[in-house]
Amino acid sequence: MCGIFGIVYKQDRLLGPTLIDAGLRLSYRGYDSVGIATILENGVIDLRKDAGKVKSVAEKYNFKEMIGQRAILQLRWATFGEPSLVNSQPHLDSEGLMVGAHNGNVVNNVELREEFISEGMTVRSMNDGESCVHAVERFTKKGFSMLEAIQKAYDVLKGDYAFVITKANDDKLYAFKKGSGLVAGIGDDFTCVSSDLPSILPLTRNVVFMNDGEIIELSADHYKIFSVSDGTPIERAVEIVEDTMEAAQKGGFEHFMLKEIHEQPKVAKELIHLMNNSSAVEVTIEALINARNIFFIGCGTSYNACVTGSVYFNRISGRTTIPVAATQFIAQYNRSIGPEDVGIFVSQSGETKDVLNAVEIAKQKGMKVYSLVNVVGSTLTKLSERWLPLACGYEISVPATKTFTNQLVAFLYLAYKMAKFDISDLEKIPGYMQSTIDDTKDQVLDVLPYLENWNDLYSLGYGVTFPIALEGALKLKEITYAHCEGMLSTEFKHGPLAAVTLDYPILFTTIEEDISLIISGINEVTCRGARAIVIGPEDNRLKSNAQHTITISQPTPEIASILSIVPLQLLSYYMSIQRGFDPDFPRNLSKTLTVD
Ligand code: M6R
């Protein structure tokens, strides 16, 4: 997830150290490139940027000596275009008279780039941030003011983003918000704006929070807010922020994990926008249709997404796919794969050694390597013929949450496309996710006291909820340190049933169509004294057979399966807190496993 920062003073001054500090404070979001443009009173734009971390790029380009009356800083988390100097932000307009940077995704940037080129503009990069600058340039060239041009650019730029922009011969900065975060800071002799509070708080605690659809015009000594739809001025008072820096980084949540659980609706929406506009989707579908065998390959949570994806492909597109853990892929299929086969390698980090080892074998055998990956520019994106970004931004917490749900959304999207289904159903996922987060929290908290003294649990599912139960069990193990075995509900009677004692907690996850089957599973364990906790539809049969129910909407069976992981994530989170652990950084684990 990119970060932006802009600042305006009355006159030229040394800005480098302030900008480096703002960059470092934005870096917790994750990034691969960094850039700064300062604009001097005489209208000269000094632009320095490159792929790399703040410290190294700052040293290479001597950021600390940069002076100016205004400045824009951007930290880029690549989605469109590889991490590179040219794709780094900020970007200039055609003549180098305007400079800007964005945060978020402009999903129609590929078409826009062609339009801008055909209109005679100079487009230098593959990055969607550049589209924001040219979209404004298109209208300033026709004589519109900056405010009018931003209003008109809004109709052109599709997606969720925020951007900050300025002209060389001006003394103001302009910023616009649509879907991505934006907050302004009001100092004694400056104003500033950023995607994130932490870059503002060391400078001032007086802030103005922006809403979607609003433009802010910043001068050194005042700010004005306008509605993007008709340019009407909007009155907004300054607020004083009391948060600590750490609290600000966590966006008001106690832990990054909880913040990332709450980000799921937003990142799902962004991913669906991106996939709607991605040429890589069509290419991937084409390869899948023509493949002899299709393998979905990953580790840990990403493997659980592969199993879920495989169920979706069967249910939606009637196509057999083989989900396999990366290391087992080598052991089980190394001799039988070939150029007719396609592998979709799934990884949040794109650096997991077990996954990269499997890619190496696949490539040796001539198999087609595609991937679903969150970190663009990671080794996996470089080794893949085509990759689709998961578009989750940086996931700080070791337990994967938003990357798992976006892996499921991506698989479901591909299955729908393969079946030539209308994907409008999927656009409802973010809204359903939000209500699931809102509605299940209290239900989860009600169950918590019954789990307090247990260090041994089961998490059972069937069909499309089987891999959800696996993922729920993984989350529980990872951050509560309790043993939780995830398995097929129908397998429980074939052995594990022997473990059941009085009050033994067993989690069941089900969708509407499997209720009858799950009820017999519930009764097998409750008649032996177990406590059944069911995550499933609102249903009287479930309520009368289980001790606890957590209700999930059922828009479609597959979407219901995606929603079902939310209460399991929340349950793991609150159990971890109840036990006094830090869910963000569980013992013995690392976010990226680069060892065999
Ligand atoms: O980065 P990857 O998706 O390749 O990582 C794979 C696993 O290490 C990862 O999913 C791990 O299981 C998570 N920490 C689970 O929350």
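Residues numbered from 1 in each chain as written. Predicted model: local features only at pLDDT ≥ 70, side-chain atom pairs only at ≥ 80, totals over all residues. Heavy atoms only, no water.

1. Looking at the overall build of the chain
Where we set the bar: Going along the chain from the N terminus, every DSSP run of H or I of four or more residues is numbered as a helix, and every run of E of two or more is numbered as a strand. Only protein chains enter the accessibility calculation, which uses a 1.4 Å probe; a residue is then buried when its area is under 20% of its type maximum, exposed when over 50%, and partly exposed in between. In this analysis, two residues are considered to be in contact whenever any of their non-hydrogen atoms come within 4.5 Å of each other. We get accessible surface area from the Shrake-Rupley algorithm with a probe of 1.4 Å; when it comes to residues, only the shown protein chains can shield them. A residue counts as positive if it is Lys or Arg and as negative if it is Asp or Glu; His and the chain ends are not included. For charged residues, the charge sits on one atom: NZ in Lys, CZ in Arg, CG in Asp, CD in Glu.
Broken down by element type, the chain carries 19 helices and 25 strands. With the C-alpha coordinates of the chain rotated into their principal frame, the extents come out at 80 × 55 × 45 Å. Expressed as a percentage of its 596 residues, the buried residues of the chain come to 60%. Intrachain contacts of the chain at a sequence separation of at least 6 include 72% that bridge at least 24 residues. Total accessible area computed for the chain in this model is approximately 21800 Å², and 50% of it derives from carbon and sulfur atoms. Across the chain, the 55 positively charged side chains and the 73 negatively charged ones have centroids separated by 4 Å.

2. A short note on the site of the ligand
Operational definition: In this text, near means that some heavy atom of the residue lies within 4 Å of the molecule or strand in question. Residues adjacent in sequence count toward polar contacts only when both atoms are side-chain atoms; beyond that, a polar contact is any pair of N or O atoms within 3.5 Å, and within protein one must be able to donate a hydrogen and the other to accept it. In this count, Pro and Cys sit with the nonpolar residues alongside Ala, Val, Leu, Ile, Met, Phe, Trp and Tyr, while Asp, Glu, Lys and Arg are called charged and the others, Gly among them, polar. The domain limits used here are those given by an automatic or database domain assignment.
Around the ligand sit 15 residues in total, of which Ser302, Ser347, Gln348, Ser349 and Thr352 are the nearest. Ala400 places a main-chain nitrogen or oxygen 2.8 Å from an oxygen atom of the ligand. At the level of elements, α10 (300-317) and α16 (466-480) are the ones that each hand at least two residues to the shell around the ligand. Class assignment of the residues belonging to the shell around the ligand gives a composition of 6 nonpolar, 7 polar and 2 charged. Counting contributing residues per domain, the shell around the ligand is built from domain 2 (253-421) and domain 3 (437-588), each supplying no fewer than three.

3. Here's the deal with the sheet that holds strand β6 (residues 98-106)
Quick note on the threshold: Any two strands between which DSSP finds at least two bridges are classified as paired. Inter-axis angles, ranging from 0 to 180 degrees, are taken between N-to-C directions of lines fitted to C-alpha atoms, where helices are fitted over the stretch in contact.
Spatially, the 7 strands line up as an open sheet ordered β5-β6-β7-β8-β12-β13-β14, and their pairing is antiparallel. Sheet topology places β5 (91-92) and β14 (233-234) at the edges, where each strand pairs with a single neighbour. The pairing of β6 with strand β7 (residues 159-167) spans 9 bridges and is classified as antiparallel. By the bridge assignment for β7, Met98 is matched with Lys167. Across the sheet, helix α4 (residues 128-140) is in contact with β5, β6 and β7; its angle to β6 comes to roughly 125°. Along the sheet, helix α8 (residues 264-276) contacts β6 and β7; its crossing angle with β7, the most-contacted strand, is approximately 85°.

4. Regarding the packing of α10 against helix α14 (residues 402-418)
This is how the line gets drawn: Working definition: roughly parallel below 35 degrees, roughly antiparallel above 145 degrees, roughly perpendicular at 65 to 115 degrees, and oblique for all remaining angles. Should the near helix be turned counterclockwise from the far one by less than a right angle, the crossing is left-handed, whereas a clockwise turn marks it as right-handed.
Where α10 contacts α14, the axes come no closer than 9 Å and their chain directions differ by 25°. Comparing the axis directions of α10 and α14 gives the class roughly parallel. Between α10 and α14 lies a crossing of right-handed hand. Only Phe404, Gln407, Leu408, Phe411, Leu412, Leu414, Ala415, Tyr416 and Met418 of α14 make contact with α10, whose side of the interface consists of Thr301, Ser302, Asn304, Ala305, Cys306, Thr308, Gly309, Tyr312, Phe313, Ile316 and Ser317. Here the contact of α10 with α14 is composed, by residue class, of 13 nonpolar, 7 polar and no charged.

5. Side note on the domain arrangement of the chain
Think of interface size as the accessible area that goes away when the parts come together; that is how it is often given. Under the convention used in this document: Summed over both partners, the accessible area (1.4 Å probe) lost when two parts come together is defined as the buried area. A side-chain nitrogen of Lys or Arg and a carboxyl oxygen of Asp or Glu constitute a salt bridge if their distance falls within 4 Å.
Domain boundaries assigned for the chain yield domain 1 (3-249), domain 2 (253-421) and domain 3 (437-588). Distance between the C-alpha centres of domain 1 and domain 2: 32 Å. Facing 19 residues of domain 1, the contacting portion of domain 2 comprises 18 residues. When residues of domain 1 are sorted by the area they lose upon contact with domain 2, Trp77, Val107 and Asp160 head the list and together hold 35% of the total. Where domain 1 packs against domain 2, one counts 1 salt bridge. One salt bridge in this structure joins Asp160 and Lys269, with 3.6 Å as the shortest N-O distance. Between the two partners, domain 1 and domain 2, sit 1 residue pair in polar contact (both at pLDDT 80 or more). Within the side of domain 1 that touches domain 2, the residues separate by chemical class into 6 nonpolar, 8 polar and 5 charged.

6. Some points on the pairing of strand β22 (residues 483-488)
Test applied: Crossovers are described as right-handed under a simple rule: with the strands pointing away from the observer, the path leading from the first strand over the helix to the second runs clockwise.
With 6 bridges connecting them, strand β21 (residues 456-461) and β22 associate as parallel partners. Paired with Leu460 across the strands is Met487, a residue of β22. Of the crossover connections in this fold, the one passing from β21 over α16 to the parallel β22 is right-handed.

7. Some thoughts on the packing of aromatic side chains
What counts here: Two aromatic rings, drawn from Phe, Tyr or Trp (for Trp, its six-membered ring), form a pair once their centres lie within 6.5 Å of each other, and the interplanar angle then sorts them: stacked below 30 degrees, edge-to-face above 60, tilted otherwise. In this scheme, the term charge over a ring applies when either NZ of a lysine or CZ of an arginine sits within 6 Å of the ring centre and within 35 degrees of the ring normal.
All chains considered together, the criterion is met by 19 aromatic pairs. Here the aromatic rings of Tyr481 and Phe581 are separated by 4.2 Å at their centres, their planes lie at 40°, and the arrangement is tilted. With Tyr481 in the loop between α16 and β22 and Phe581 in the segment after α19 (557-578), this residue pair connects regions lying 100 residues apart in the sequence. Owing to a relative accessible area of 28%, Phe581 belongs among the partly exposed residues under this scheme. With a centroid separation of 4.9 Å and 80° between ring planes, the pair formed by Tyr573 and Tyr574 is classed as edge-to-face. You can call Tyr573 buried: its relative accessible area is 2%. Ring pairing ties together the aromatic residues Tyr154, Tyr161, Phe163 and Phe176, which thus form one cluster. Over the aromatic face of Tyr31 sits the side chain of Lys53, whose NZ or CZ is 4.2 Å from the ring centroid. Directly above the ring of Tyr481 sits Arg587, whose terminal nitrogen or CZ lies 3.9 Å from the centroid.

8. Details of the side chain of Ser489
Within the fold, Ser489 resides in the loop between β22 and β23 (505-509). Residue classification places Ser489 among the buried positions, given a relative accessible area of 6%. Those residues in contact with Ser489, other than ones at most four positions away along the chain, are Leu460, Gly461, Tyr462 and Ile518.

9. Things to note about the packing of α14 against α19
Two packed helices can be described by the angle between their axes and the distance between those axes. Between α14 and α19, the shortest axis-to-axis distance is 10 Å and the interhelical angle comes to 175°. Put simply, α14 runs roughly antiparallel to α19. Within the contact between the two elements, α14 uses Phe404, Thr405, Leu408, Val409 and Leu412 and α19 uses Glu558, Ile559, Ile562, Ile565 and Gln569. Along the lines of polarity and charge, the residues of the contact of α14 with α19 split into 7 nonpolar, 2 polar and 1 charged.

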